[in-house]
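# A closer look at the structure
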Amino acid sequence: MDARAMKREGSEAPFASPESALLSLHGISKQYPGVVALSDVSLEFRQGEVHALIGENGAGKSTLIKTLSGAVDPTSGWIEMDGKKYHGLTPAQARELGIAVIYQEFTLIPELSAAENIFLGDFPLIGPILDRKSMWARAAELFARLGVQIDPKTPVQGLTTGYQQIVEIAKALSRDARVLVMDEPSAPLTTSEVEAMFDVVATLKEHGVTVIYISHRLEEIFRIADRVSVLRDGKYIRSLNVVDTNKSELIRLMVGRDLSETFPQRTTGPGEVTIQVRNLSGNGVRDISFEARRGEILGFAGLVGAGRTELMEMLFGVAPVASGEIHLHGRPLRPKDVVSAISSGLALVPEDRKRHGVILDLTVRDNISLPLLRRISTLGVVRRRRERAVADKYRDALRIKTPSLSQKLGNLSGGNQQKVVLAKWLAMDADTFIFDEPTRGIDVGAREEIYTIMNDLAAEGKTLIMISSDMEELLGMSDRMVVLCRGRLAGTLTKSEFSQERILTMASGAE
Amino acid sequence: MNLKLWAYAKEIGIVLVLVLLVVAFSVLTPHFLTVSNLFNIAKQVATLGIIAVGFTFVLITAGIDLSVGYQVSLSVVVCGFLMVNLHVAWLLAILLTLLLGTAVGLANGLIIAHTGVAPLIITLSMMMVLNGVSYLISEGLPIIGFPKDFSALSGGVGPGIPMPLIVMLVVWAVGVFILNYTVHGRYFYALGSNVEAARLSGVNVKMNIILVYALCGLFTSIGAVLMLARLNSAQSATGADLTFSVLTACVLGGVSVMGGKGTMFGAFIGVLIVGVLDNGLLLANVSAYIQLVMKGCILAAAVIYDTMSKASGDRVKRMKAIGAEN
């Protein structure tokens, strides 16, 4: 916090006259028992602007969105739109005002057509009968307005994720949305889909729709946003014109301190082979061989669907092995046996943390001790003092930010949840770690901490395997890299052979 | 401090409901708040309380066991048959009955764990099978004439404290111990909250599911033996309503049908509420048919409350956010 003696860069966005602000927040605060989610936030959104909202996880972005959508009642402050003041909106009021939110998870019904999804709850009727022709026509018109070609009759499940998102946007427009809040819209999309989404956002802007754009990816903000507002720890920090700022300034504002842009360096070299995989097939991958050594981070590159996660599922004993061998410390690993994989010292930090890594309803302590329970119990009775001591130790060692160990895990930020996943494996004294997208959904500050922990582990002589789709992370963290392509081994690269082009060509099967 | 109290809000709420009911019945009927009636309630409630222990375990793992009622039927009929028709010593008969109960639970658990079919369907099928088997053994006739020592199990100890009450408290203490102090208790919560994360943390999912249904079977047969001693007659229809009562009691007590949530204390208060209601409504001369209607409404209300509150709180909020309420 005290490191805020930063030099001022860029210009403060000029305070707009009340006429130009379409929607404004005045001193909005939201308190939950024990937590202040938003504290005295004042912000304004102008008509027809793309306004990016950034901040680390836990900065208050989602609470702010929920305040706008009517899902959250602010503790104090008011919202102003069309010259009227609201001390908190109901969902119905938000809809009437034309505020719509596109969430990360879509709210479409897969079996219904694009047009039916758009007009669900508001079908055009002739008497009691659904007027399908006019529904299709109106849907086609909306898609044309957005500059996309989607057949209104296609069931939504037959559309790509990018098109599904556009159906969501069309749905909002059909209800005369004037303010469209997009929560991490690029997260589920492929690169070309993101481009198409940017075009749609530009079209919306032309039509005078205000887009509030939330994203972790700063480069996107420079592509499409007019202004950007930064939140940190529930407080409003600053609004800036995008043209007047740069990436490092935004990061500094978000984090409140300087971050080293580079990946932390390691000095130790790799040691003996710990895990050896020979001709492994099954679960969608074929004939994979590689080995990983103590003290190294072995990166796994590949496109989505290359079979990296599927390969790790076999290593960790989740998925059955069709043929081939896995040796850990020279001993064969029993296939399809998670319990024995764990007791041999293997640890998995899974990609989908909320589903596979942690139990949101249990406490921080319960999550950390779960794999360890059998070891810290006598005749099946858990030695609670031991358990508390272990949880305490790793909370401090990994600097997990939580009010107490009996806090429900779901109340922690993504970065801290990830640290809990690490804590449980460190408590188990695991020595071979599989990281699957270790920093996905984790904000910049916590990300660096995760990297430091990973480096410390490598320095201690642990073996790390890391799947990542973040090219900078792969290049920056890995000592060697295995590239997979369509379930097969495309090649293994040493650090001196690393280059983004090389990896991409191998991953796409061109080499 | 405040936060801690808030965490127990649900428990405090149901205790208040219990207190209100006791006060209401005490005003409505003079026979309610007497030592003999309270002991009477304790006896009646003992079986329910004991079954609720295992049933709570099952609910916490996000399972359900609809066959507990007919497990009781089978247990009483078999226990009675052993003692009366086969002249087996009563202690041995009890032991065999408990083994049988555990075996039935084990069968439920094995099928559920290894096939992955919904517990609702498996235990519903089991319920029918057990019902049939108990009628095959009893041929539809009550079995009577148990040894005096056996019947004494439902009597009093010392100054008239009912034996079933003591057994229930012991079983309850065992339940609290298993759930809060053992590795398996922790695993039950983990399984019920997020089975995939539990599996990937090295929890042996199958083994713990089998264990939970086996424990439920064991506790259910203990309850059945006490019930048999109290009724002094073994009939195949004995347990028919029990599944309903035990489910109501657990859900009233805050044990979530969606798994992962609930305490032994809550379940115990739920059992007392069901027991007090049964007894109080009877004393207050409320028609049996009206009682049925009330019971149905109470279970529905309890499950609705459970669904609307915490467990799906996030989803409800989300639905609000997207304006799906109309």
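Residues numbered from 1 in each chain as written. Chains lettered and ligands numbered in written order. Predicted model: local features only at pLDDT ≥ 70, side-chain atom pairs only at ≥ 80, totals over all residues.

### A word on the overall build of chain A
Test applied: In DSSP terms, a helix is any run of H or I states spanning at least four residues, a strand is any run of E spanning at least two, and both are numbered starting from the N terminus. Here the globule rule is a power law, 2.2 Å times the number of residues to the power 0.38, and the radius of gyration is based on C-alpha atoms. Comment: burial labels come from other C-beta atoms within 10 Å of the residue's own C-beta, placed from the backbone, where a count of 20 or more is buried, 12 or fewer is exposed, and between is partly exposed. We call two residues in contact when the distance between their C-beta atoms, placed using the backbone, is within 7 Å.
On a plain count of helices and strands, chain A comes out with 17 helices and 24 strands. Its C-alpha atoms give chain A a radius of gyration of 25 Å, near enough to 24 Å, the size a compact globule of 511 residues would have. When its C-alpha atoms are laid out on the principal axes, chain A stretches across 70 × 55 × 50 Å. Out of the 511 residues in chain A, the part that is buried amounts to 45%. In chain A, 68% of the contacts between residues at least 6 apart in sequence involve partners at least 24 apart.

### Remarks on the overall build of chain B
When helices and strands are tallied, chain B shows 15 helices and four strands. Across its three principal axes, chain B shows a C-alpha extent of roughly 65 × 50 × 40 Å. Put simply, chain B has 326 residues, and 48% of those count as buried. Expressed as a percentage of contacts within chain B between residues at least 6 apart in sequence, the contacts between residues at least 24 apart total 81%.

### Let's talk about the interface of chain B and chain A
Quick note on the threshold: Put simply, Ala, Val, Leu, Ile, Met, Phe, Trp, Tyr, Cys and Pro go in the nonpolar bin, Asp, Glu, Lys and Arg in the charged bin, and everything else, Gly too, in the polar bin.
Tallying the contact residues gives 27 residues for chain B and 33 residues for chain A. Elements represented by at least two residues in the side of chain B that touches chain A include exactly helix H1 (2-7), helix H9 (183-193), helix H10 (195-200) and helix H15 (313-321) of chain B. Take the side of chain B that touches chain A: its biggest share by element is six residues, from H9 of chain B. Of the residues in the side of chain B that touches chain A, the class split is twelve nonpolar, nine polar and six charged.

### Points about helix H5 (residues 90-115) of chain B
All names here are of chain B. As a reminder, the rule being used: Working rule for helices: expected span equals 1.5 Å times residues minus one.
Taking 1.5 Å of rise per residue, 26 residues should cover 38 Å, and H5 covers 37 Å from first to last C-alpha, within 8% of that figure. Residues Trp90, Ala93, Ile94, Thr97, Leu98, Gly101, Val104, Gly105, Asn108, Gly109 and Ile112 constitute the buried set of H5. Among the structural elements, helix H4 (68-84), helix H6 (119-138), helix H7 (148-151) and helix H11 (205-231) are those in contact with the buried residues of H5. Remark: Gly116 follows H5 within two positions and exhibits a positive phi of approximately 75°.

### Some remarks on the pairing of strand S9 (residues 179-183) of chain A
All names here are of chain A. Rule in force here: Any two strands with at least two DSSP bridges between them are considered paired. A crossover counts as right-handed when, viewed with the strands pointing away from the observer, the path leading from the first strand over the helix to the second turns clockwise.
Burial analysis of S9 places four of its five residues in the buried class, the great majority of the element. The pairing of strand S6 (residues 99-102) with S9 spans four bridges and is parallel. Counted as the bridge partner of Ile99 is Val179 from S9. In terms of strand pairing, S9 meets strand S10 (residues 210-214) through five bridges, oriented parallel. Looking across to S10, one finds that Asp183 is bridged to Ile214. Assessed by its sense of winding, the connection that carries the chain from S9 through helix H6 (residues 191-206) to S10 is right-handed.

### Overview of the domain arrangement of chain A
Accessible area lost upon the coming together of the parts is a frequently used measure of interface size. Residues and elements named next belong to chain A. Where we set the bar: Residue ranges for the domains trace back to a domain assignment, done automatically or taken from a database.
Splitting chain A by domain gives domain 1 (18-98 + 178-259), domain 2 (109-175) and domain 3 (273-507). A C-alpha centroid distance of 27 Å is found between domain 1 and domain 2. Residue-level contacts link eleven residues of domain 1 with eleven residues of domain 2. Per-element tally for the side of domain 1 that touches domain 2: the top contributor is H6, with six residues. For the side of domain 1 that touches domain 2, the per-class residue count stands at seven nonpolar, one polar and three charged.

### Considerations on the nonpolar core
Which entries qualify depends on this criterion: To count as a nonpolar core, a set of buried Ala, Val, Leu, Ile, Met, Phe, Trp, Tyr and Cys residues must be joined through C-beta atoms within 7 Å.
Judged by nonpolar contacts, the single largest core of 169 residues is most densely connected at Phe433, Ile434 and Leu464 of chain A together with Ala52, Cys79, Val246 and Cys250 of chain B. Top contributing element to this core by residue count: H11 of chain B, with 17 residues. With residues up to four places along the chain from it excluded, the contact list for Phe433 of chain A reads Ala347, Val349, Trp425, Leu457, Lys462, Leu464 and Ile465 of chain A. If you look at the next biggest cluster of nonpolar residues, it comprises 69 residues, including Leu22, Ile118, Val228 and Leu253 of chain A.

### Here we look at the sheet that holds strand S3 (residues 50-54) of chain A
Residue and element names in this part refer to chain A. Quick reminder of the rule: Each axis is a line fitted through C-alpha atoms, taken for helices only over the stretch in contact, and angles between the N-to-C directions span 0 to 180 degrees.
Strands sit in the order S6-S9-S10-S3-S11-S12 across an open sheet of six strands; the sheet is mixed. Whereas interior strands pair on both sides, the edge strands pair on one side only; in this sheet they are S6 and strand S12 (235-241). With strand direction ignored, the average angle separating the axes of adjacent strands in the sheet is 20°. The sheet strands contacting helix H1 (residues 61-69) are S3, S6, S9, S10 and strand S11 (227-232), and the helix crosses S6 at an angle near 140°. Strands S3, S11 and S12 of the sheet are contacted by helix H8 (residues 247-255), whose axis makes an angle of about 30° with S11.

### Overview of unusual backbone geometry
Leave glycine aside and you will find that most residues have negative phi; peptide bonds, for their part, are mostly trans. The phi torsion at Leu379 of chain A lies on the positive side, around 50°, for a residue other than glycine. Along the chain, Leu379 of chain A falls in the loop between strand S19 (377-378) and strand S20 (381-382). Judged by the 6 C-beta atoms lying within 10 Å of it, Leu379 of chain A is exposed. Phi is positive for Ala62 of chain B, close to 70°, though the residue is something other than glycine. Counting through the fold element by element, Ala62 of chain B comes out in the loop between helix H3 (35-60) and H4.

### Brief notes about the sheet that holds strand S13 (residues 273-282) of chain A
Residues and elements named next belong to chain A. Strand order in the open sheet formed by four strands is S14-S13-S16-S17, and the pairing between neighbours is antiparallel. On the outer flanks of this sheet lie strand S14 (285-293) and strand S17 (331-332), each paired with one strand and no other. As paired strands, S13 and S14 are joined by six bridges and run antiparallel to one another. When the sheet's bridge partners are listed, Val277 is paired in S14 with Phe290.

### Regarding helix H8 (residues 163-181) of chain B
Taking 1.5 Å as the rise per residue, H8 of chain B with 19 residues should run 27 Å; its terminal C-alpha atoms sit 26 Å apart, in good agreement. Looking at the buried side of H8 of chain B, the elements it contacts are H3, strand S3 (161-162), H9, H11 and helix H13 (264-283) of chain B.

### A short note on the pairing of strand S24 (residues 488-494) of chain A
Direction of pairing for strand S23 (residues 480-485) of chain A relative to S24 of chain A: antiparallel, over a ladder of six bridges. Note that in S24 of chain A the partner of Arg480 of chain A across the bridge is Thr494 of chain A.

### Observations regarding the packing of H9 of chain B against H11 of chain B
Residue and element names in this part refer to chain B. Cut-off, in case you're wondering: Any angle between 65 and 115 degrees counts as roughly perpendicular, while under 35 counts as roughly parallel, over 145 as roughly antiparallel, and the rest as oblique.
Running from N to C, H9 and H11 point in directions that differ by 105°, and their axes come no closer than 10 Å. As far as their axial angle goes, H11 and H9 are roughly perpendicular. Residues His184, Tyr187, Phe188 and Leu191 of H9 touch H11, and the partners they reach there are Val205, Asn208, Leu211 and Val212. Split by residue class, the contact of H9 with H11 holds six nonpolar, two polar and no charged.

### What about the environment of Val72 of chain B?
Residue and element names in this part refer to chain B. Tracing the sequence through the fold places Val72 in helix H4. Along the primary structure Val72 and Asp149 are separated by 77 residues, whereas in three dimensions their C-alpha atoms are 21 Å apart. Ignoring anything within four residues of it in the chain, the contact list for Val72 reads Thr220, Gly223, Ala224, Met227, Thr238, Gly239 and Leu242.

### Points about the environment of Met454 of chain A
All names here are of chain A. Secondary-structure assignment places Met454 in helix H15 (residues 444-459). Given 24 C-beta atoms within 10 Å, Met454 falls into the buried group. Sequence spacing of Met454 and Phe433 is 21 residues, and the spatial spacing of their C-alpha atoms is 9.3 Å. When near neighbours in sequence (up to four residues on either side) are disregarded, Met454 contacts Ile297, Phe435, Pro438, Leu464 and Met477.

### Quick word on the environment of Asp479 of chain A
Residues and elements named next belong to chain A. Position of Asp479 relative to the elements: it lies in the loop between helix H16 (471-477) and S23. When the 19 C-beta atoms within 10 Å are taken as the criterion, Asp479 is described as partly exposed. Separated by 182 residues in the primary sequence, Asp479 and Ile297 have C-alpha atoms spaced 5.4 Å apart. Once residues within four sequence positions are removed from consideration, Asp479 is found in contact with Pro270, Glu296, Ile297, Leu298 and Lys495.

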